[in-house]
Amino acid sequence: MVDCLNLITVKQRGGEKPSTYFRDLNEVRDSLKHVGILPNKRQWGQVGRDTYQKLSHLCSVCIGLSLDEIDESALLRDEEVRAHFSSARDAAGAGQYKQALEEIGKALSVLLDANASLSDIYVGEAKAEHAIKLSGLGVPANDFLRLQEFLPKVTRLGDGPFSIMWKQSEFGHPGNWHEDAARFCLETFLQIAPRIQDAKWIPGAVELWYLYEYKVTAREDNVEIWEEVQLLLGVDDDDTEKTKQKVGQLQSGESRIFRASHQPLVSQWHDDLTKQSLTIVELRDHWDIGSVLFGGPSRRFVERDKVTISCVPSGLALKHSPDLVEIPWKSDDETTEEQS
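Each value, and the rule that gives it
- Residue numbering note: each chain is counted from 1, following its sequence as written.
- Given that this is a predicted model, residues contribute local features only at a pLDDT of at least 70 and side-chain atom pairs are listed and counted only at 80 or more, while totals for whole chains, interfaces and linings are drawn from all residues.
- Hydrogens and water molecules were not included; the side-chain quantities draw on all heavy atoms of the structure.
- In plain words, nonpolar cores are sets of buried Ala, Val, Leu, Ile, Met, Phe, Trp, Tyr and Cys residues tied together by side-chain atoms within 4.5 Å.
- Burial status follows relative accessibility: with a 1.4 Å probe on protein chains alone, a residue under 20% of its type maximum counts as buried, one over 50% as exposed, and anything between as partly exposed.
- Residue contacts follow a heavy-atom distance rule, with two residues in contact if any of their heavy atoms lie within 4.5 Å.
- Surface patches are defined over residues having more than 30% relative accessible area and no salt bridge, joining like charges when they lie within 9 Å and nonpolar side chains (Val, Leu, Ile, Met, Phe, Trp, Tyr) when within 5 Å.
- Reported accessibility uses the Shrake-Rupley method at a 1.4 Å probe radius. Residues are deemed covered only where the shown protein chains occlude them.
- Each salt bridge in this description consists of a side-chain nitrogen of Lys or Arg and a carboxyl oxygen of Asp or Glu lying within 4 Å of one another.
- Helix numbers and strand numbers start at the N terminus; a helix is a DSSP run of H or I with at least 4 residues, a strand a run of E with at least 2.
- Only the six-membered ring of Trp is used, alongside the rings of Phe and Tyr, when aromatic pairs are assigned; centres must lie within 6.5 Å, and planes under 30 degrees apart are stacked while those over 60 apart are edge-to-face, with the rest tilted.
- Geometrically, a charge over a ring is one whose NZ (Lys) or CZ (Arg) sits within 6 Å of the ring centre while staying within 35 degrees of the ring normal.

**Re the nonpolar core**
What tends to happen in soluble globular proteins is that the nonpolar side chains get buried as a cluster. Core analysis: the largest hydrophobic core is formed by 38 residues, its most contacted members being I104, L108, F189 and I196. Excluding residues within four positions of it along the chain, L108 makes contact with V123, L147, Q148, L151, F189, I192 and I196. Counting residues in hydrophobic clusters, the runner-up holds 17 residues, among them Y214, V216, V223 and L265.

**Considering a nonpolar patch on the surface**
Judged by side-chain polarity, I63, L65 and I70 come together as a nonpolar surface patch covering roughly 250 Å² of accessible area. With respect to the secondary-structure elements, I63 resides in helix 4 (residues 47-63). Judged by relative accessible area, I63 falls into the exposed class, the value being 54%.

**Regarding the packing of aromatic side chains**
Under the definition given, this model contains nine aromatic pairs. Their ring planes at 20 degrees and their centres at 5.7 Å tell us that F85 and F189 sit as a pair that is stacked. Highlighted residues: F85 in helix 5 (residues 79-93) and F189 in helix 9 (residues 179-197), separated in sequence by 104 residues. An identical accessibility class is assigned to F85 and F189; each is buried. Judged by centre distance (5.1 Å) and plane angle (65 degrees), the ring pair of W166 and W177 falls under edge-to-face. With W166 in the loop between strand 2 (162-165) and helix 9 and W177 in the loop between strand 2 and helix 9, this residue pair connects regions lying eleven residues apart in the sequence. W177 matches W166 in its accessibility class, with the two residues each being buried. Through successive ring pairs, a cluster of aromatic residues spans Y21, F22 and W44. Above the face of the W226 ring, K244 is positioned so that its terminal group lies 5.3 Å from the ring centre.

Written as structure tokens, this is what we have:
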């Protein structure tokens, strides 16, 4: 730093070089660190204030702005992020602290959506794993968690309007909409935004259901597809028994494909009437009139030992990863040992 300051001459002060003060300060610092000589209190008692004033004056001379006049929001490259941050700052200045927090949330949402490696982090969700992830980018984990607690949940589909949701039972109430909160969030956002916007993309692990669908294929003819039904045996609603009702069948080699987003796929089922226990595969994606009337998808099943289950790449996945192929389905209880 002293070498850099040697290149600057402050003409307004008769050609004085600002490096003189900082060279002396550096020598005092070295004497304290390496020799143990304490600084002269009278000379260096206000070193923090003096240093700030001298650096601020240098900025005024060199770039026409003092340190106090430098707007750190100029570091924000995205115009929409800058616009929302500016709106947040204006709202805070007008005492509209709730609106200020909402505008900061919008700015953070745009920032996170613009970086594919951070797309799993959502505004208004204070999760430790997200804070840990961002700490690798130099973002203070505790500050990020506190920021998330103050902000509403902000979502947006594409370039459409923002959806703002305050959860009153947690932090979304007037007790958190005050000047200190707004100031903290403004400062914290400016601290983390330059680090996030420069984050490089890194690959992440993808869950099965993002890329694959389940395919259930009959091993034999006349494989029954059935639904569970409740039989009322008396006047009491609790006096019921469950059994199965056939709703279709599969012939040998015939398949059904459905989403891989629900678990467990395979489970145990017991027929109260026949006292028969079966290992079943649930075909959850089927919709019919019953699902409309009763508010949910009709649950349909086949017997596990009569079908083969595999995982097939979805059409969307193949557009981006054409090398994906069909693979056998394995339960989470199965283990695979590989030797090399």
